[in-house]
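Residue strings, one per chain:
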Amino acid sequence: RKPTIHVIATGGTIAMRLDPVSGGPVPTLSGADLVSGIPALGALGEIVVEEFANIPSEQMQPHTWLQLAQRIRALTAVDSTSERRPTGIVILHGTDTMEETAFFLDVTVPTDVPIILTGAMRAASDPDPDGPGNLLDAATVAIHARSPGRGVLVVMNGNIQPARRVT
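Residues numbered from 1 in each chain as written. Predicted model: local features only at pLDDT ≥ 70, side-chain atom pairs only at ≥ 80, totals over all residues. Heavy atoms only, no water.

Student: Sorry if this is basic, but what is going on with the overall build of the protein here?
Tutor: Tallying secondary structure elements over the protein gives five helices and eight strands in all. Element order for the protein, N to C, with α for helix and β for strand: β-β-β-α-α-β-α-β-α-β-α-β-β. The globule rule puts the C-alpha radius of gyration for 167 residues at 15 Å, and the 15 Å found for the protein is close to it. Dimensions along the principal axes, computed over C-alpha positions, put the protein at roughly 50 × 35 × 30 Å. Within the span of the protein, comprising 167 residues, buried residues form 45% of the whole. Here the protein has roughly 8,200 Å² of accessible surface; of this, 54% comes from carbon and sulfur atoms. (Helix = DSSP H or I, 4+ residues; strand = E, 2+ residues; numbered from the N terminus. Rg over C-alpha atoms; globule rule 2.2 N^0.38 Å. Buried < 20%, exposed > 50% of the residue type's maximum accessible area, 1.4 Å probe, protein only. Areas by Shrake-Rupley, 256 points an atom, 1.4 Å probe, with all protein chains shown as cover.)

Okay, structure coming up:
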């Protein structure tokens, strides 16, 4: 069976482009936009994209974490009949509160399905954005045979960190 990678977009720098009016980065790209820009993702498996939010991560709130945890529990439920249980989940997230979200999900979502958070330090409109490489790395880790049961992980800049130790 071909692996299924469920990408949940929440926003952050990975989804931002420079706004010519304000001069600052603003969230403009959807998860589907980000995934479509990385053809190599399709070679890893079936990609399902969910638009959860498109906000800077400093706007993540406890109620948002609860909704995200509830959604992931529904996706990873063993008896889920409405949706195909994913091989792995990749959450696109801003870096300001990524470690808090990762820790919260690690504590509140008991599952063997790999949950990987990733994002970017450089906006999508940067001449050398790091988001596409981070997303590809996160998806690769999400479907790796050694990833199930390791808890929530953060994959950025070629590094894999457990949620409870990332800073």
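Next comes the rest of the description.
Student: Please clarify how the sheet that holds strand β8 (residues 159–162) should be interpreted in this entry.
Tutor: Pairing between the strands of a sheet is mediated by backbone hydrogen bonds and can be parallel or antiparallel. Taken together, six strands build an open sheet; the order of strands is β4-β1-β5-β6-β7-β8 and the sheet is mixed. Either end of the sheet is taken by a strand with one partner, and the two such strands are β4 (46–55) and β8. Shown here is a sheet whose adjacent strand axes are inclined to one another by a mean of 25°, direction ignored. Taken together, the five bridges between strand β1 (residues 4–11) and strand β5 (residues 88–92) define a ladder with parallel strand orientation. When the bridges of β5 are listed, Ala9 appears paired with Leu92. (Pairing = 2+ DSSP bridges. Axes fitted to C-alpha atoms, helices over the stretch in contact; angles between N-to-C directions.)

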